[in-house]
Amino acid sequence: MNRQRSPRQFRLPVLAVGAALILTAVSACGSASSSGTSHAGSASSGPITIGMSLPMTGPVADVSKSGYQGYELWASQVNAAGGLLGRRVKLDMLDDGFDPNQTAADYTRLISQDHVNLLLGTFSSLLNAPASAIAARQGMLYVEPSGGAATLFTRGFTDLFFAQPGTTTSLPDQFVAWIASLPASERPPTAAYVTQDDPSASPAVAVFRTRLQALGVKTVYYQVYDPSTTNFDSIAAAIAHTQPQMIIQGAVADDGAQFVRSLQKLNYNPKILFQTNAPTDEAYPSAIGGAASANGVFTAQSWSATATYPGNQGFVQAYTKMFGAPPTEDAANSYTAGQVLQAAVKAVGSLDQSALAKWLHDNTVSTIVGPLKWDKAGDPEGSLLLSQWQHGTLQIVAPASAATTKAVLLTKPAWDSSS
Amino acid sequence: MSELLQAVIFGVLTGGVYALMATGLTLTFGVMKIVNLAQGAFLILSAYLCWTLWAQLGIDPLLGSLIVTVPLAALGILIYRFIVERVQRVDHRLTIVVTFAVALVAEAVIALVWGPNPAAATPPYFNEAFQLGSVSVPRAQLYAFLLAVAVTAVLQLGLKRTWLGHAITAAAENPEGARLIGVEPKKIGTWIFAIATATTAFGGAALSFLYQFTPDSQDTWIGLTLSVVILGGLGSVTGAFAAGVLLGLAESVTSAYISVRWAEAVPALLILLVLLIRPQGLFTLAARQDAAA
């Protein structure tokens, strides 16, 4: 989903960014007159090279690996079907170690030295922000599988496209709509909000708060915590003291399970619990005491293995066959980014970056995460799936077009109840 | 009022756990003047071992900690005899570097064995709490606190009532004087490392069911345990316990009444304050370095 993790260390000094930007500016000057087609005309025969930088080492290497595998599967399927524009697709992947400075340097190299024909995005808002800026300066189309922070879409870029159904601002859509659909007597009267200070989490929680307050849900607690926070006992105690019926957490990764464990230690069980990101993690159920404890927890997803969108089941099967394990959300998002790029190239019939961007702005693309359509800033006009843990399975409960069940657990069962 | 009481209870219980985790470091730092930076990695190793015993054999982490003390004590002896003691002979200041290296290697080994995913034990009592009116006393936290009290008491008794304890105390108070009366530093060092590393089994057990942990969680805990040791004073087990409780209380009350974000800065502020007012720590032993003179 809209993941964002903090870097633990920066391998290169800030100077690297400066150098990258200077290189970009210099090369941009050299190609300014033909920026729209400069990458389209290079090597009209031979493979189409698609460049990307990914954090294959460092703190998010585990999830980044599956993201790259999504790209690999997409490329292999394209090649098996005859390639793009009759040419084979070749991936040119660099490792940035989850360092934004290195990401900027990598995309500069991909464009200026490797002369790739097309670009695909990287992981998280943290890395996609500098990468998309480099691409924009070079007039390159930039389709990103991750990086849903609202701030990425307020910079005036017209070549940026987010390959998920929604961003942080639309994340609450389905959940708030569900709350609004409840009879007034069943709506939770009070809510507590707690969020990591993160560009993909805290803005979403702020939107939750505004919209739920408009529905008459009173805010009894609001807290923003640092990304380094590992002990949530005090927060949980303060929340328990205010006795909210509903808790919304802007979690990013492990903090989701850590927070739940602190609630569990106090045996405080809210009627409704919504967390971003964390409940989709593979390790989440076991970290909070098993799938039974996850029962009733809501989250938002960009993709689900059980969704019935065209091609999704084929993707799940092909990925599982190729890599020996079912795909993750990150793998699906990368695959989707490939689908978006493929649709544009196929429709336009060339690698003209401006024409590709224009086509994407004017059309809807069918993908495994549903039909995608973008506004002028590349912000998708849809919303994420609302999912809920139900008896050991993460079920999609909204929108109705993608729902895998019609049942919604109105009241979260106690932590230790059996599934 | 109940909010304050809840914050105090949380602070005391959490602080006890901090003290439990810092006990080993108190001994190596206080007596041997060795900042054993590998102590955080040993803590995580203990947590993984306790977690494995719980996940694979269903052994409660509190009970599992007793089993884990044995391999951890052996590890402590090996690390001291084959690495620290040899480096110490060359230059005592290098011990901090070599224990840092041990920490890095240990983290890599832990990651290889258990993988990068977070782990946490969930014994039956981890999501239960005693209710005292409007105040909750989490059972898991209470049990960890009681374990901390027990370990501190046993160590304190050992230091006061046994020959080894007297020797360790003597070495802490007056290293040169202790040598003159036949306390052999290498032997004492081996014992201290064995005990210090073994006690991480208890801290690791508490960690395994109170919090999630990953191979690199040592970064968080080594900083906190160092804070406890500096606050409490070198070599004082009861001082470390009191410092842990003080730290936990300060964090908890700050979270409740000021901000969760300020709670992160509490250890640093407390250390600064103590270093300004009482540089030897709140409960330090009165060291004498004049015997050789």
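Scroll up for the structure.
Residues numbered from 1 in each chain as written. Chains lettered and ligands numbered in written order. Predicted model: local features only at pLDDT ≥ 70, side-chain atom pairs only at ≥ 80, totals over all residues. Heavy atoms only, no water.

**Let's talk about the overall build of chain A**
Keep this limit in mind: Secondary structure follows DSSP: runs of H or I at least 4 residues long count as helices, runs of E at least 2 residues long count as strands, and numbering of each begins at the N terminus. To sort residues, take the accessible area from a 1.4 Å probe on protein chains only and compare it with the maximum for the residue type: under 20% means buried, over 50% means exposed, and anything in between is partly exposed. The contact criterion used is simple: two residues touch if any of their non-hydrogen atoms lie within 4.5 Å. In this description, accessible areas are obtained by the Shrake-Rupley approach with a 1.4 Å probe, and a residue is regarded as covered only by the protein chains that are shown.
Per the secondary structure count, chain A includes 13 helices and 14 strands. Per-residue burial for chain A yields a buried fraction of 59% across its 419 residues. In chain A, 71% of the contacts between residues at least 6 apart in sequence involve partners at least 24 apart. Summed over its atoms, the accessible surface of chain A is roughly 14500 Å², and 55% of this surface lies on carbon and sulfur atoms.

**Some words on the sheet that holds strand 3 (residues 118-119) of chain A**
Residue and element names in this part refer to chain A. Put simply, the test is: The rule for pairing is simple: two strands pair if DSSP sees at least two bridges between them.
Reading across from one edge, 2-1-3 is the order of the three strands in this open sheet, with parallel pairing throughout. Edge positions in the open sheet fall to strand 2 (89-95) and strand 3, since each of these has one partner strand only. The pairing of strand 1 (residues 48-54) with strand 2 spans seven bridges and is parallel. When the sheet's bridge partners are listed, G51 is paired in strand 2 with D92.

**What to know about the side chain of S208(B)**
Within the secondary structure layout, S208(B) lies in helix 8 (residues 185-210). Judged by relative accessible area, which is 0%, S208(B) ranks as buried. Excluding residues within four positions of it along the chain, S208(B) makes contact with R261(A), A47(B), C50(B), W51(B), P61(B), A120(B), A121(B) and F213(B).

**Points about the packing of helix 3 (residues 61-90) of chain B against helix 8 of chain B**
All names here are of chain B. Which entries qualify depends on this criterion: Only the stretch in contact is used when fitting a helix axis, every axis being a line fitted to C-alpha atoms; angles between N-to-C directions are given from 0 to 180 degrees. Crossings are assigned a handedness: left-handed for a near helix turned anticlockwise from the far helix by less than a right angle, right-handed for a clockwise turn. Classes in brief: Ala, Val, Leu, Ile, Met, Phe, Trp, Tyr, Cys and Pro nonpolar; Asp, Glu, Lys and Arg charged; the others, Gly included, polar.
At a closest axis distance of 7 Å, the pairing of helix 3 and helix 8 adopts a crossing angle of 145°. Classified by chirality, the crossing of helix 8 by helix 3 is right-handed. Taken together, the residues of the contact of helix 3 with helix 8 sort by class into 18 nonpolar, eight polar and three charged.

**Examining the packing of helix 3 (residues 100-112) of chain A against helix 4 (residues 124-137) of chain A**
Residues and elements named next belong to chain A. Put simply, the rule reads: Put simply, angles under 35 degrees are roughly parallel, angles over 145 are roughly antiparallel, angles from 65 to 115 are roughly perpendicular, and the rest are oblique.
Contact pair helix 3 / helix 4: the axes reach a minimum separation of 8 Å and the direction vectors enclose 30°. Accordingly, the angle class assigned to the pair helix 3 and helix 4 is roughly parallel. Like other packed secondary-structure pairs, helix 3 and helix 4 cross with a definite hand, here right-handed. Contacts from P100, T103, A104, Y107, T108 and I111 of helix 3 reach helix 4 at L126, L127, P130, A131, I134 and A135. Among the residues making up the contact of helix 3 with helix 4, the classes are represented as ten nonpolar, two polar and no charged.

**A closer look at the nonpolar core**
Put simply, the test is: Put simply, a nonpolar core is a bunch of buried Ala, Val, Leu, Ile, Met, Phe, Trp, Tyr and Cys residues held in one set by side-chain atoms that sit within 4.5 Å of each other.
Grouped together as the largest cluster of nonpolar side chains are 87 residues, with contacts concentrated most on I188(B), L207(B), L210(B) and W221(B). The next biggest cluster of nonpolar side chains, apart from the first, holds 60 residues, and it includes V89(A), L152(A), F161(A) and Y319(A).

**Brief notes about the environment of H92(B)**
Residues and elements named next belong to chain B. Keep this limit in mind: Under the rule applied, a polar contact is a pair of N or O atoms within 3.5 Å (in protein, one hydrogen donor and one hydrogen acceptor; residues adjacent in sequence only if both atoms are side-chain atoms).
Its location among the elements puts H92 in the loop between helix 3 and helix 4 (95-114). A relative accessible area of 30% means that H92 is categorised as partly exposed. Sequence-wise, H92 and P61 are 31 residues apart; in three dimensions their C-alpha atoms are separated by 36 Å. Once residues lying within four places of it in the same chain are set aside, the contact partners of H92 are M32, K33 and I34. Here K33 takes part through its backbone oxygen, which lies 2.9 Å from a polar atom of the side chain of H92.

**Here we look at the interface of chain B and chain A**
Accessible area lost when the parts come together is the quantity often used to give the size of an interface. Where we set the bar: Summed over both partners, the accessible area (1.4 Å probe) lost when two parts come together is defined as the buried area.
Contact with chain B, which involves 32 residues of that partner, is made by 32 residues of chain A. Both faces combined, the contact of chain B with chain A buries some 2600 Å², and carbon together with sulfur accounts for 49% of it. When residues of chain B are sorted by the area they lose upon contact with chain A, N127(B), Q212(B) and R261(B) head the list and together hold 26% of the total. The set of elements that each furnish at least two residues to the side of chain B that touches chain A consists of helix 1 (2-32), strand 2 (135-138), helix 8, helix 10 (237-257) and helix 11 (260-263) of chain B. It is helix 1 of chain B that provides the largest number of residues to the side of chain B that touches chain A, a total of six residues.

**Let's talk about the environment of V137(B)**
Residues and elements named next belong to chain B. Within the fold, V137 resides in strand 2. Residue V137 is classed as buried on the basis of its relative accessible area, which comes to 9%. C-alpha separation for the pair V137 and F10, spaced 127 residues apart in sequence, amounts to 7.8 Å. Each residue touching V137, except ones within four places of it in the same chain, is listed here: I9, L13, A129, F130, L132 and L142.

**Observations concerning the layout of surface pockets**
This is how the line gets drawn: Cavities and pockets are defined on a 1 Å grid built over the protein atoms alone: a cavity is a set of grid points where a 1.4 Å probe fits but cannot escape, while a pocket is an open set with protein on both sides within 12 Å along at least five of seven lines, and lining residues are those with an atom within 4 Å of any such point. Grid points are joined across faces, edges and corners, and a volume is the space filled by probe spheres set on the points.
Computed from the structure, the second largest pocket encloses a volume of approximately 470 Å³. The wall of the second largest pocket is formed by 26 residues, among which N231(A), Y18(B), L224(B), E251(B) and E264(B) lie closest to the centre. Of all the secondary-structure elements, those providing two or more residues to the lining of the second largest pocket are helix 7 (233-242) of chain A together with helix 1, helix 9 (218-232), helix 10 and helix 11 of chain B. In terms of residues, the lining of the second largest pocket owes the most to one element, helix 9 of chain B, which gives six residues. Classifying every residue of the lining of the second largest pocket by side-chain character gives nine nonpolar, 13 polar and four charged.

**A look at unusual backbone geometry**
Most peptide bonds adopt trans geometry, and most residues besides glycine take a negative phi value. A cis amide bond, omega 0°, links A398(A) with the succeeding residue P399(A). For P399(A), the position within the fold is in the segment after strand 14 (393-398).

**Quick notes on the pairing of strand 14 of chain A**
All names here are of chain A. Across the six residues that make up strand 14, a large majority, five, are buried. With five bridges connecting them, strand 13 (residues 385-390) and strand 14 associate as antiparallel partners. Note on strand 14: the bridge partner recorded for Q390 is T393. Between the end of strand 13 and the start of strand 14, which pair antiparallel, lie two residues, with H391 showing a positive phi angle near 50°.

**A closer look at the packing of aromatic side chains**
How we decide: Any two of the Phe, Tyr and Trp rings considered here, Trp counted by its six-membered ring, make a pair once their centres fall within 6.5 Å; the pair's planes then place it as stacked at under 30 degrees, edge-to-face at over 60, or tilted in between. As a reminder, the over-ring test applies to NZ of lysine and CZ of arginine, requiring each to be within 6 Å of the ring centre and within 35 degrees of the ring normal.
Counted by the stated rule, this structure contains 26 aromatic pairs over all chains. For the pair F98(A) and F123(A), a centre-to-centre distance of 6.4 Å together with 65° between the ring planes defines the contact as edge-to-face. With a gap of 25 residues between them, F98(A) in the loop between strand 2 and helix 3 and F123(A) in the loop between strand 3 and helix 4 connect regions that are remote in the sequence. For the pair formed by F98(A) and F123(A), the shared burial category is buried. On the basis of an interplanar angle of 85° and a centroid distance of 4.9 Å, the ring pair of Y225(A) and F232(A) is categorised as edge-to-face. By the ring-pair criterion, three or more aromatic residues cluster together here, those being F175(A), W178(A), F208(A), F274(A) and F298(A). Stacked on the ring of Y222(A), the Lys or Arg R209(A) has its end atom at 4.2 Å from the ring centre. Over the ring of Y211(B) we find K265(A); its NZ or CZ atom is 4.5 Å from the centre of that ring.

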